[in-house]
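Listed below, chain by chain, are the residues.
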Amino acid sequence: MGDAPDRHTIAGRLAEVRRRVAAAAVTAGRDPADVRILLATKTQPAELVRAALAADRDARAADPALAPVLVGENRVQELVAKGPELAGLAGLHLIGPLQSNKVNAAVRWASCIESVATRELAERLSARTTDALDVYVQVNVSGEATKHGVAPDDAVALARSVAALPRLRVAGLMTVGARSDDPGAVRAGYALLRSLRDEIVAAGTQTATELSMGMSGDLELAIAEGATLVRVGSAVFGARPT
Ligand SMILES: *Cc1c(COP(=O)(O)O)cnc(C)c1O
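Residues numbered from 1 in each chain as written. Predicted model: local features only at pLDDT ≥ 70, side-chain atom pairs only at ≥ 80, totals over all residues. Heavy atoms only, no water.

In this section: the overall build of the protein chain. What the protein chain contains, in helices and strands, is nine helices and eight strands. Computed over C-alpha atoms, the radius of gyration of the protein chain comes to 17 Å, within 12% of the 18 Å expected from 2.2 N^0.38 for 242 residues, which places it in the range of a compact globule. Viewed in the frame of its principal axes, the protein chain has a C-alpha envelope of about 45 × 40 × 35 Å. Going through the 242 residues of the protein chain one by one, you find that 47% of them count as buried. For the protein chain, restricting intrachain contacts to residue pairs at least 6 apart in sequence, the fraction spanning at least 24 positions comes to 60%. Summed over its atoms, the accessible surface of the protein chain is roughly 11,200 Å², and 51% of this surface lies on carbon and sulfur atoms. Distance between charge centres in the protein chain, computed from 28 positive and 28 negative side chains, equals 4 Å. (Helix = DSSP H or I, 4+ residues; strand = E, 2+ residues; numbered from the N terminus. Rg over C-alpha atoms; globule rule 2.2 N^0.38 Å. Buried < 20%, exposed > 50% of the residue type's maximum accessible area, 1.4 Å probe, protein only. Contact = heavy atoms within 4.5 Å. Areas by Shrake-Rupley, 256 points an atom, 1.4 Å probe, with all protein chains shown as cover. Lys, Arg positive; Asp, Glu negative; His and termini not counted. Charge placed at Lys NZ, Arg CZ, Asp CG, Glu CD.)

Set out below in structure tokens:
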């Protein structure tokens, strides 16, 4: 692994991400407060995540209008490992695929599951959670075979059927954008997620307002298309070891 960034470096990078988010929102004619930041912390040790959360606390002390960042883990194993150290410090989301045998562990630590792509998983979550649980329906907007998510054509029906399950609250939609050098293609995928969200809300699932889309490399495109939550990893923590 390369040199781990120190707290000061992380604070500077987080501030830079906040600047990018605010600038993109203003360019899009949106209120920067309507776009939250989720730290994508896969492979990062809890200590570094805590450093980022401390930097976020300092930034919010200086500017109380800022919303706290969220933390997103891809793997239940990491959620369980870091959960005890992070749970009191930030809202934890699961942003990676969830296997049905890990549902109990996931709902123990995550307040939101962003990767619901099947009715079967939603039923399990509904059965295993005792409290109300926020979920996002993950949509594969690019159609890339390697990507998790329901097909866009099936997203509205899935969202409606998930919203009808006890204890689950469909809070919005999530996608991982196309892997493409063509900004137009990436942006078209985000526009598609937004139109699906609008359709789902209009069809009666009024809680489904959030759009979790955009990462370190393309958050401006996502914010231009209405992202309410951007998921940022490498822009704060540096490149992940490969
Ligand atoms: C890793 C990851 C991110 C963040 O990606 P970066 O390019 O490092 O910002 C966002 N969403 C998901 C689902 C991820 O796995």
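Back to the text.
Space inside the largest pocket adds up to approximately 750 Å³. Taken together, 25 residues line the largest pocket, and the ones lying closest to its centre are Lys42, Lys147, Val176, Met215 and Arg240. Here the residues of the lining of the largest pocket are counted per class, giving seven nonpolar, 11 polar and seven charged. By volume, the second largest pocket amounts to about 240 Å³. (1 Å grid on protein atoms, 1.4 Å probe; cavity = no way out; pocket = protein on both sides within 12 Å on 5 of 7 lines; lining within 4 Å. Points joined across faces, edges and corners; volume = space filled by probe spheres on them. Nonpolar A, V, L, I, M, F, W, Y, C, P; charged D, E, K, R; others polar.)

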